[in-house]
Amino acid sequence: MRVLLASLFCCLLVLPARAQPADIPESPVRYDTDLLSPAFHQERRAAVRATLPENAVAIFFSAPVRNRENDVDFEYRQDSNLLYLTGTHEPESMLLLAPGGITVDDETVTELLLVPPRNAFTEVWVGRRFGAERAQATLGVEKAISHERFSEVLAMLAQDPERRFFHLPLPTGVTEGSALADQLATFHAHVKTFSISGNFLVQNATRLMLSATTPAAFSRAKGIIGGRLEASDIDDPAVRAAFEAFTESSDVEAWNTWREENFTAAFADGVLLQEIMQQLRAIKTDEEMVLLQRAIDITTAAHREAMRSLEPGMHEYEIEALVEYIFRRNGAEDSGFPSIVGSGENSTILHYNTSRRAMTADDVVVIDIGAEYHGYTADITRTLPVNGTFSPEQKAIYELVLQAQEAGINASRAGNPFQSPGQAASQAIDAGLRELGILKAGGNVRSFFMHGTSHYLGLYVHDVGSYGPLQPGEVITVEPGIYINPSPDVDPKWWHIGVRIEDDILITNGDPVNLSADAPRTVAEIEALMQEQGLGNLPNGVTGTH
Ligand code: GLY
Ligand code: MN
Ligand code: MN
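Residues numbered from 1 in each chain as written. Chains lettered and ligands numbered in written order. Predicted model: local features only at pLDDT ≥ 70, side-chain atom pairs only at ≥ 80, totals over all residues. Heavy atoms only, no water.

Enquirer: For the packing of aromatic side chains, give the residues involved together with the corresponding values.
Expert: The geometry of an aromatic ring pair comes down to the distance between the two centres and the angle between the two planes. Under the criterion given, the structure shown has 11 aromatic pairs. Joined through ring pairs, the aromatic side chains of F218, F246, W255 and W258 make up one cluster. A cation sits over an aromatic face here: R294 above Y373, 5.3 Å from the ring centre. For the cation-ring pair, R446 lies above F449, with the distance from its terminal atom to the ring centre recorded as 5.4 Å. (Phe/Tyr/Trp six-rings, centres within 6.5 Å; stacked < 30°, edge-to-face > 60°. Lys NZ or Arg CZ within 6 Å of the ring centre and 35° of its normal.)

Enquirer: Describe the coordination of the manganese ion (ligand 2), listing the residues and the values that go with them.
Expert: At this site the manganese ion (ligand 2) is bound by D379 (OD), H455 (NE2), E479 (OE) and E502 (OE), with donor distances of 2.0 to 2.1 Å. Considering all six donor atoms around the manganese ion (ligand 2), the spread of angles at the metal, 50 to 156°, places the coordination shape in the irregular class. Sequence spacing among the residues donating to the manganese ion (ligand 2) works out to D-x75-H-x23-E-x22-E. In this model, the manganese ion (ligand 2) sits 3.3 Å from the manganese ion (ligand 3), the two metals being bridged by D379. Within this pair, whereas H455 is found in the loop between helix 16 (420-435) and strand 14 (475-478), its partner E479 is found in the loop between strand 14 and strand 15 (481-484), the two being separated by 24 residues in sequence. A single burial state applies to H455 and to E479, both of which are buried. (Donors = N, O, S within 2.8 Å, 3.2 Å for Na, K, Ca; no water. Tetrahedral: all angles 85-135°; square planar, octahedral: opposite > 155°, others 65-115°. Helix = DSSP H or I, 4+ residues; strand = E, 2+ residues; numbered from the N terminus. Buried < 20%, exposed > 50% of the residue type's maximum accessible area, 1.4 Å probe, protein only.)

Enquirer: Lay out the pairing of strand 17 (residues 503-506) with the relevant residues and their values.
Expert: Remark: a regular strand shows side chains that alternate across the two faces of the sheet. Side chains D503 and I505 project from strand 17 onto one buried face, and the interleaved D504 and L506 project onto a second face that is buried too. Where strand 17 lies against strand 18 (residues 513-514), two bridges are found, and the strand directions are antiparallel. For L506, the partnering residue across the bridge sits in strand 18 and is V513. Between strand 17 and strand 18, which pair antiparallel one after the other, the connecting turn spans six residues. (Pairing = 2+ DSSP bridges.)

Enquirer: Explain the coordination of the manganese ion (ligand 3) residue by residue, including any values.
Expert: The coordination sphere of the manganese ion (ligand 3) contains the protein donors D368 (OD), D368 (OD), D379 (OD) and E502 (OE), at a distance range of 2.0 to 2.5 Å. Considering all six donor atoms around the manganese ion (ligand 3), angles at the metal cover 56 to 172° and the coordination shape is irregular. Overall, the relative accessible area of 3% leaves D368 in the buried class. Here E502 falls in the buried class, since its relative accessible area comes to 0%.

Enquirer: Describe the confidence of the model for the protein chain, and please don't skip the residues or the numbers.
Expert: Of all residues in the protein chain, 92% attain a pLDDT of 70 or more, and the chain-wide mean is 91. When mean pLDDT is compared element by element in the protein chain, strand 17 scores highest at 99, while helix 1 (residues 2-18) scores lowest at 42. In the model, residues 1-19 has pLDDT below 50 throughout and makes nine contacts with residues more than four positions away in sequence or in other chains. This stretch, residues 540-546, has a pLDDT under 50; its non-local contacts, to residues over four places away or in other chains, come to 12 contacts. (pLDDT = per-residue confidence, 0-100. Contact = heavy atoms within 4.5 Å.)

Right under this line is the structure:
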């Protein structure tokens with residue numbers, strides 16, 4: 001059997017190599033009919049161009065294909081900025097925006113999409129490809145060409161000494177030898193670039209280096225920058241050159257001179273494009289709100305099903321399977337982030353996602369989940385008593401988090417600083433924990449509430465935005481929590497109670513709107529719904545184990 005399979009596999013491998021592009025059947029590349037419209041993307045591209053100087057070319061790369069064990073690729077997720085500006089789900093694509101025009105094949109256009117050419121092998125093994133002609137017609141870009149022409153286009157653009165290239169932090173984790181790796185090499189060959197990219201430590205060190213414009217900051221940063229150079233984890237040659245120049249600078253004046261001469265302009269262009277994309281993406285249009293609300297509605301349905309189904313003895317993974325079944329059953333492509341189902345001692349682990357524990361009657365379980373629908377993700381948390389009724393201690397903590405969340409939601413108003421909901425929630429939790437005797441004099445509320453209260457939500461769970469004053473059209477989460485781990489300072493009756501409540505809030509010119517209000521939130525509502533029977537605990541239900 002194994003031999004037979006192996007030879008079949010080999011045959012399959014040689015067949016597509018003989019096929020010619022003309023042989024590739026004309027099948028649809030996309031099936032969904034409620035995707036964002038070409039007009040939406042067109043308008044977004046126009047908005048980016050409108051903010052760029054005439055001699056600019058902004059380049060957007062696709063997300064890398066991620067691979068498992070040098071074998072099978074993970075399901076592909078497009079880079080959110082490229083998705084936002086074009087709607088394409090194809091890897092190895094690039095978008096160029098040029099307010100002053102790019103001339104290709106005697107045609108001058110202000111937007112150019114470079115796409116993988118149609119390829120019989122890829123289309124047999126992985127999926128359909130647009131090819132340039134269909135990409136242009138389906139996505140409504142001014143012009144689409146094969147990505148094989150990237151080098152030619154870039155060389156032509158770079159001939160202009162006045163040209164300014166704008167780009168976002170470049171993709172990382174790119175497989176050596178892949179088309180994207182080649183595209184990045186081509187880019188570096190033509191464009192003098194500097195951006196905050198690389199791993200987390202490199203990014204932090206880069207920020208430190210950029211802000212080191214005073215003698216004190218300069219000497220503080222020296223050790224850290226030297227350490228990163230020693231660690232040899234800086235991939236971007238331009239970033240490496242800057243780190244080296246920094247360590248070789250005798251004093252802050254020498255450094256500031258080098259900085260001005262070598263990368264301030266290039267770096268400023270990168271920051272500018274990041275800011276443009278943040279501002280655009282943070283304010284959701286009506287068309288985007290339809291998709292985000294759909295992701296939220298699917299997720300509230302999953303929460304209701306979890307409430308109906310939860311009972312002692314179930315494993316965390318059964319609830320995870322159930323909510324993800326509801327996601328997919330309702331058309332969500334994926335979860336926006338790994339589902340968090342943490343019970344008992346796991347309820348206090350903020351991003352616990354292994355879901356292996358069997359739940360017992362005395363536990364609470366934190367369920368922090370979000371369906372992703374056409375790119376937009378929800379992010380909603382509910383905390384449930386596994387036996388259907390909150391104990392007095394669980395109820396006291398739950399009510400306090402709910403009160404803090406209400407204070408946070410109420411502070412989610414246009415014009416308020418981004419931190420306002422967090423400050424309101426923190427104050428409520430601080431006062432409440434002191435009243436319960438959990439937080440002692442001199443104690444810090446951060447020991448029990450150790451994460452932020454809000455982030456933007458949209459094409460990514462921790463979406464982009466300015467983190468400045470709240471603006472109408474932004475969607476943020478409000479998600480306070482209290483997490484009590486065993487400690488000699490805390491009465492054991494409180495141990496292992498973790499509670500988080502998270503909703504998705506639209507900022508308006510008036511009152512905040514809770515987009516996820518369909519998921520029961522009060523103690524009474526939750527306990528009532530938990531009396532009902534759900535898909536996960538029918539006698540012959542979905543899991544088959546109950
Ligand atoms: N689900 C991750 C978060 O709440 O930020
Ligand atoms: Mn969140
Ligand atoms: Mn969450």
